[in-house]
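# Chain and residue survey
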Amino acid sequence: MTVNTQPLTHQAGLLQRGLADLRAEDAELAGLLDAEVTRQHQTLSLAASSCAVKPHILAASASLLVNVTAEGALGWRHHAGCENADRVEALAIRRARELFDAHYAGVQSHSGSTANYQVLAALLEPGDTVLGMATDHGGHFSHGSPVAFTGAYYKALRYGTTSKGLIDYEQVRTLALAHRPRVIICGATAYSHVIDFERFRGIADEAGSILLADISSIAGLIATGRHPSPIDAAHVTTLCTHKQLGGPRGGLILSGRDAETKVPGLKTTFSRLLDQAVFPRMQGAPAFNMIAAKAAAFGYAMSADFDAWMARVRTTADELANAFQACDYEVVGGRSENHSVLIRLRGGITGSIAQAALEQCGIIVDKHRAPGETRPSFVAGGLCIGTGSLAQRHLDTHGCRQVVDLVCRILDAVTPLNEHKFTLDPNAQESLHLQAQTLCARYPLADYLHN
């Protein structure tokens, strides 16, 4: 038997072989993956959590580091063969700290929600009080929803927004002083305005609470200085790396000036506690291929190309807000100050109907409750529009207006039957879908991916 000892060192060749083998050995799966590529290129994504991954980041996620198993922290592994994995993790940590001007960075978390749970499990005992933003007002389910880990194991209190769609800081302070929560969570998944992290820290200090900031939806804007940073305002900051950093599915835990201070009530520092929160408390071996992809994403986020993308994210949000208002839709809060626009629907059309009808016509959106409504979130009365993917398509002012005009014409063509069901003339649907595909061709996603 002859053994081929020549190493497969050429990553591109290995990936090409893998794709060829996939098509030959599993045509069914290969067809589904091809269909997803087509869908992403031929649909307009207005989802607030949507963006495309650059090819070099995609390649890093498919690297041979997927073969490495190594539980433990950097320099303290439970397995051998980790020399290169250690170097990759050290690179990711260094880049994350530089990108966000942080003193501590933990890159092993598998997702943003996982990072939140890891931090909270380390800081809280079952039954402790946590104060977070209500999902109905824009908060994330991991911030205290009764259907999530935080709502099931802790006493979760929730704050909301004012009638104008702005965080009700007075309510936050009132709840914090009345209940003295161990942790206050700030950050949102559907909120169109600037978050005052310093004000949150003042409330946390007054209440004797630890402040956790979740910046998953605005991480790119923060990294480029287009939104105030919470790194030194919050004791701990978490984020996912895919929503606005253009990275892989993964989580990141950061800490600023408090990294080497003692955790209130404990004998350890935040940095030490955060390392232990991931392993061994909540997670086993990290996915080193994803850590490599995170390192690539952090490097890209420090580039001029990324900065230009984030600039377009902001201007596109302004353009969309103005265009929706010109079409007589209410923009909650009157404007956008980040990457998203929250609009209130009209004419008996629910968020559930709007989301389904727009998808049938090649446009992806997220339904969301608008302030003051009582319908459940799976019905909702608004849409949360995001600009990450549109900004990657380099939409200009005319393109933004065309997108909004198409959305409005689709919604005008819908006849609601109840909260979820509707009718849309098949001929109208076909025509509107073709117009969406025409816009995709005019502003191709491939231009962003190939440059």
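Sequence order as written defines the numbering, with residues in each chain counted from 1. Where totals are concerned, whole chains, interfaces and linings use all residues; where local detail is concerned, this predicted model gives features only for residues with pLDDT of at least 70, and gives and counts side-chain atom pairs only at 80 or more. As a convention, hydrogens and water are excluded, and side-chain values are obtained from all of the structure's heavy atoms.

Turning our eyes to something else, we now look at the overall build of the protein. Scanning the protein for helices and strands turns up 17 helices and 17 strands. We take the radius of gyration over the C-alpha atoms and set the globule estimate at 2.2 Å times the residue count to the 0.38 power. Taken over the C-alpha trace, the protein has a radius of gyration of 23 Å; the compact-globule value for 451 residues is 22 Å, and the two agree within 12%. The buried share of the protein, reckoned over its 451 residues, is 53%. Values of accessible area rely on a 1.4 Å probe in the Shrake-Rupley scheme; residue burial ignores everything except the protein chains shown. Carbon and sulfur atoms make up 52% of the accessible area of the protein, which amounts to about 19,700 Å² in all. In this count, Lys and Arg are taken as positive residues and Asp and Glu as negative ones, while His and the chain termini are left out. Think of each charge as sitting on NZ of Lys, CZ of Arg, CG of Asp or CD of Glu. Charge-centre separation for the protein: the mean point of 39 positive side chains lies 4 Å from the mean point of 43 negative side chains. Numbering goes from the N terminus for both helices and strands, where a helix is a DSSP run of H or I of at least four residues and a strand is a run of E of at least two. Whether a residue is buried, partly exposed or exposed follows from its accessible area with a 1.4 Å probe, protein chains only, as a fraction of its type maximum: under 20%, in between, or over 50%, in that order.

Turning our eyes to something else, we now look at the pattern of salt bridges. Opposite charge on two side chains makes pairing possible when the charged atoms of those side chains draw close. Here a salt bridge means any side-chain nitrogen of Lys or Arg lying within 4 Å of a carboxyl oxygen belonging to Asp or Glu. Per the counting criterion, the structure on display carries 18 salt bridges. Of the charged contacts in the structure, one is a salt bridge between Asp205 and Arg201, with a shortest N-O distance of 2.9 Å. With a gap of four residues between them, Asp205 and Arg201 both fall in helix 8 (residues 197-207), about one helical turn apart. Accessibility expressed as a relative area gives 7% for Arg201, which makes it buried. A salt bridge links Glu373 to Arg375, with the nearest nitrogen and oxygen atoms 3.6 Å apart.

This part covers the side chain of Thr161. Relative to the elements of secondary structure, Thr161 occurs in the loop between strand 6 (155-159) and helix 7 (169-179). What makes Thr161 buried here is its relative accessible area of 13%. Contacts described as polar in this section are N or O atom pairs within 3.5 Å, which, within protein, must combine one atom able to donate a hydrogen with one able to accept it, while residues neighboring in sequence count only if both atoms come from side chains. Among the polar contacts made by the side chain of Thr161, one reaches the side chain of His137 at a distance of 2.9 Å. By the convention used here, residues are in contact when the closest approach between their heavy atoms is within 4.5 Å. Every residue in contact with Thr161, bar those within four places of it in the chain, is listed here: Met133, His137, Leu166, Ile167, Asp168, Tyr191 and Pro371.

Here we take up the environment of Leu449. Within the element layout of this structure, Leu449 appears in helix 17 (residues 445-450). The spatial distance from the C-alpha of Leu449 to the C-alpha of Pro55 is 6.6 Å, given a sequence separation of 394 residues. Excluding its chain neighbours within four sequence positions, the residues that come into contact with Leu449 are His41, Ala52, Val53, Lys54 and Pro55.

Two elements in contact, helix 4 (residues 83-100) and helix 11 (residues 288-300), have axes whose closest approach is 9 Å; the angle formed by their N-to-C orientations is 35°. As helix 4 runs across helix 11, the sense of the crossing is left-handed. Each of Ala85, Val88, Glu89, Leu91, Ala92, Arg95, Ala96 and Leu99 in helix 4 lies in contact with helix 11, whose residues at this interface are Phe288, Ile291, Ala292, Ala295, Ala296, Phe298 and Gly299. The residue classification treats Ala, Val, Leu, Ile, Met, Phe, Trp, Tyr, Cys and Pro as nonpolar and Asp, Glu, Lys and Arg as charged. All others, Gly included, are polar. Here the contact of helix 4 with helix 11 is composed, by residue class, of 12 nonpolar, one polar and two charged. With axes taken as lines fitted to C-alpha atoms, and helix axes fitted only over the stretch in contact, angles between N-to-C directions fall between 0 and 180 degrees. Crossings are classed by handedness, with left-handed meaning an anticlockwise turn of the near helix from the far one by less than a right angle and right-handed meaning a clockwise turn.

Turning our attention to the UniProt feature "domain: Serine hydroxymethyltransferase-like" (unreviewed entry) in the protein. Those residues carrying the UniProt feature "domain: Serine hydroxymethyltransferase-like" (unreviewed entry) are residues 23-406 in this numbering. Counted over residues 23-406, helix gives 42% and strand 14%. Its end C-alpha atoms are 37 Å apart. UniProt positions are given in the numbering used here, feature names are shortened, and annotations may be inferred rather than shown by experiment.

In this section: the sheet that holds strand 11 (residues 330-331). Two strands pair under a simple rule: DSSP has to find at least two bridges between them. Judged by pairing direction, the sheet is antiparallel, and its four strands sit side by side in the order 11-12-15-14 without closing on themselves. Here the strands that pair on one side only, and so sit at the sheet edges, are strand 11 and strand 14 (366-368). Sheet topology note: the strand 12 (residues 340-344)/strand 15 (residues 382-386) ladder contains five bridges and is antiparallel. Considered in strand 15, the bridge of Ile343 is made with Leu383.

To continue, consider the sheet that holds strand 4 (residues 104-106). Each strand in a sheet pairs with its neighbour through backbone hydrogen bonds, running either in the same direction (parallel) or in the opposite one (antiparallel). Pairing is mixed in the open sheet, where seven strands are placed in the order 4-10-9-8-7-5-6. Looking at which strands have only one partner, the edges of the open sheet turn out to be strand 4 and strand 6. Taken pair by pair, the neighbouring strands of this sheet meet at an average axis angle of 20°, ignoring direction. Bridging between strand 8 (residues 210-214) and strand 9 (residues 236-240) involves three bridges; their strand directions are parallel. Within the sheet, the bridge partner assigned to Leu212 lies in strand 9 and is Val236.

All right, on to the packing of helix 1 (residues 11-25) against helix 2 (residues 27-42) then. Orientation of helix 1 relative to helix 2, taken along the N-to-C sense of each, is 120°, at an axis distance of 5 Å. For the element pair helix 1 / helix 2, the angle class is oblique. Along the contact surface, helix 1 presents Leu22, Arg23 and Glu25, while helix 2 presents Ala27, Leu29, Ala30, Leu33 and Asp34. Between 65 and 115 degrees an angle is taken as roughly perpendicular, under 35 as roughly parallel, over 145 as roughly antiparallel, and anywhere else as oblique.

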